[in-house]
Amino acid sequence: MPVGVVLQRKQGVTRWAKWAWKAVAVIPGAAQADWMVLREIGDTVEFHAATRPLELHGAECEAYMAGLAAKVPALYVVMRRSDDAQRPFDVLLVTASPFEAQDYTDNGEDIVEKVTMPDGIIGWVRDFTDRFFEEEVFIKRRRDKQRTDRVENGIGDKRIAQLTDVYRAPQRKGSAV
């Protein structure tokens, strides 16, 4: 499903940051856009920055269910800074998986913004998980009956004669044993 990403630019509150950017909404079924201005109110401007496909995969159903179980279900917008002043962020991805979003936060280069999931997308994701989720049956692993404590590993090379026990603490020459 194509999803448009709305980014908001506000006046920065410190002298070090001229602008503060935030992903504030998504537009389900949006057409392609390239930093189209949606609304201007004073210094605050909202842009339809990009449209990316929201893809659902059967292997991620458990993650989607965890996201839907949250107090406020959310989509995650993954962005990366660009060198272009007119387009300061490249929108890489939109995902419904909180686990995938967490993976993108680990690299330190990407910015992940949480955006409230619209009702239509909530229904679409819920229908997908209802259809494709398969709970994995827990199978307890059993130990094999082989005795591993009878093998003496680490004693040393059998070809070299040892005068003392290799596990005994070393002693100085001349001291009594």
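Each value, and the rule that gives it
Residues numbered from 1 in each chain as written. Predicted model: local features only at pLDDT ≥ 70, side-chain atom pairs only at ≥ 80, totals over all residues. Heavy atoms only, no water. Pairing = 2+ DSSP bridges. Helix = DSSP H or I, 4+ residues; strand = E, 2+ residues; numbered from the N terminus. Axes fitted to C-alpha atoms, helices over the stretch in contact; angles between N-to-C directions. Salt bridge = Lys/Arg side-chain N within 4 Å of Asp/Glu carboxyl O. Core = buried A, V, L, I, M, F, W, Y, C linked by side-chain atoms within 4.5 Å. Buried < 20%, exposed > 50% of the residue type's maximum accessible area, 1.4 Å probe, protein only. Contact = heavy atoms within 4.5 Å. Polar contact = N/O pair within 3.5 Å; in protein donor to acceptor, adjacent residues only side chain to side chain. Arc of directions from axis to C-beta.

S.K.: Help me out: how do you make sense of the sheet that holds strand S3 (residues 36-41) in this one?
M.R.: Pairing between the strands of a sheet comes from backbone hydrogen bonds, and it takes one of two forms, parallel or antiparallel. On the basis of which strands lie adjacent, the open sheet formed by 4 strands has the order S2-S1-S4-S3 and antiparallel pairing. Of all the strands in the sheet, just strand S2 (19-28) and S3 have a single pairing partner and so form its edges. For this sheet, the mean inter-axis angle between neighbouring strands, taken without regard to orientation, is 25°. Where strand S1 (residues 2-11) lies against S2, 9 bridges are found, and the strand directions are antiparallel.

S.K.: I tried to follow the pattern of salt bridges on my own but got confused; where do I start?
M.R.: Side chains carrying opposite charge are able to pair once their charged atoms draw close together. Applying the stated criterion across every chain yields a total of 4 salt bridges. Between arginine 39 and glutamate 46 there is a salt bridge; the shortest N-O distance is 2.8 Å. Ionic pairing is found between arginine 87 and aspartate 84, a salt bridge with its closest N-O pair at 3.6 Å.

S.K.: I'm lost on the nonpolar core in this one. Help?
M.R.: Judged by nonpolar contacts, the single largest core of 28 residues is most densely connected at Leu7, Leu75, Val77, Ala96, Met117 and Val125. Put simply, the parts of the chain that give this core at least two residues each are S1, S2, strand S4 (44-53), helix H1 (61-68), strand S5 (74-81), strand S6 (89-95) and helix H3 (119-132). Apart from the residues within four sequence positions on either side, leucine 7 is in contact with Trp21, Lys22, Ala23, Trp35, Val45, Glu46, Phe47, Ala49, Met79 and Phe89.

S.K.: When you look at the side chain of glutamate 46 in this model, what are you seeing that I'm missing?
M.R.: In this structure, glutamate 46 sits in strand S4. Classification of glutamate 46 as buried rests on a relative accessible area of 13%. Reaching out from glutamate 46, the side chain makes a polar contact with the side chain of arginine 39 at a distance of 2.8 Å. For glutamate 46, the contacting residues outside a window of four places in its chain are Val6, Leu7, Gln8, Val24, Met36, Val37, Leu38 and Arg39.

S.K.: Sorry, what's going on with H1 here?
M.R.: Helical geometry note: an α-helix holds 3.6 residues per turn, so side chains three or four residues apart project in the same direction. Taken residue by residue, H1 has Cys61, Ala63, Tyr64, Gly67 and Leu68 as its buried positions. For H1, the arc enclosing every buried residue in end-on projection is 160°, short of the 170-degree limit, so these residues lie on one face. On its buried face, H1 is in contact with helix H2 (98-105) and H3.

S.K.: So what exactly am I meant to see when it comes to unusual backbone geometry here?
M.R.: Across the chain, the bulk of peptide bonds are trans and the bulk of non-glycine residues have phi less than zero. Here the phi dihedral of tryptophan 35 falls at roughly 55°; this positive angle occurs in a residue that is not glycine. Tracing the chain through its elements places tryptophan 35 in the loop between S2 and S3.

S.K.: Please clarify how the side chain of threonine 129 should be interpreted in this entry.
M.R.: Along the polypeptide, threonine 129 turns up in helix H3. Relative accessible area serves as the criterion here: at 4%, threonine 129 is assigned to the buried category. At 2.9 Å, the side chain of threonine 129 and the backbone oxygen of arginine 126 are in polar contact. If we skip the residues at most four places from it in the chain, threonine 129 touches Cys61, Tyr64, Met65 and Leu68.

S.K.: Explain the sheet that holds S5 to me, please; I cannot follow it from the model alone.
M.R.: Read across the open sheet, the 3 strands follow the order S6-S5-S7; overall the sheet is antiparallel. This sheet does not close on itself; its edge strands, each paired only once, are S6 and strand S7 (110-116). On average, adjacent strands in this sheet sit at an angle of 25° to one another, irrespective of strand direction. Looking at chain direction, S5 and S6 are connected through 6 bridges and run antiparallel. The residue of S6 that forms the bridge with arginine 80 is aspartate 90.

Geometry only, nothing functional implied.
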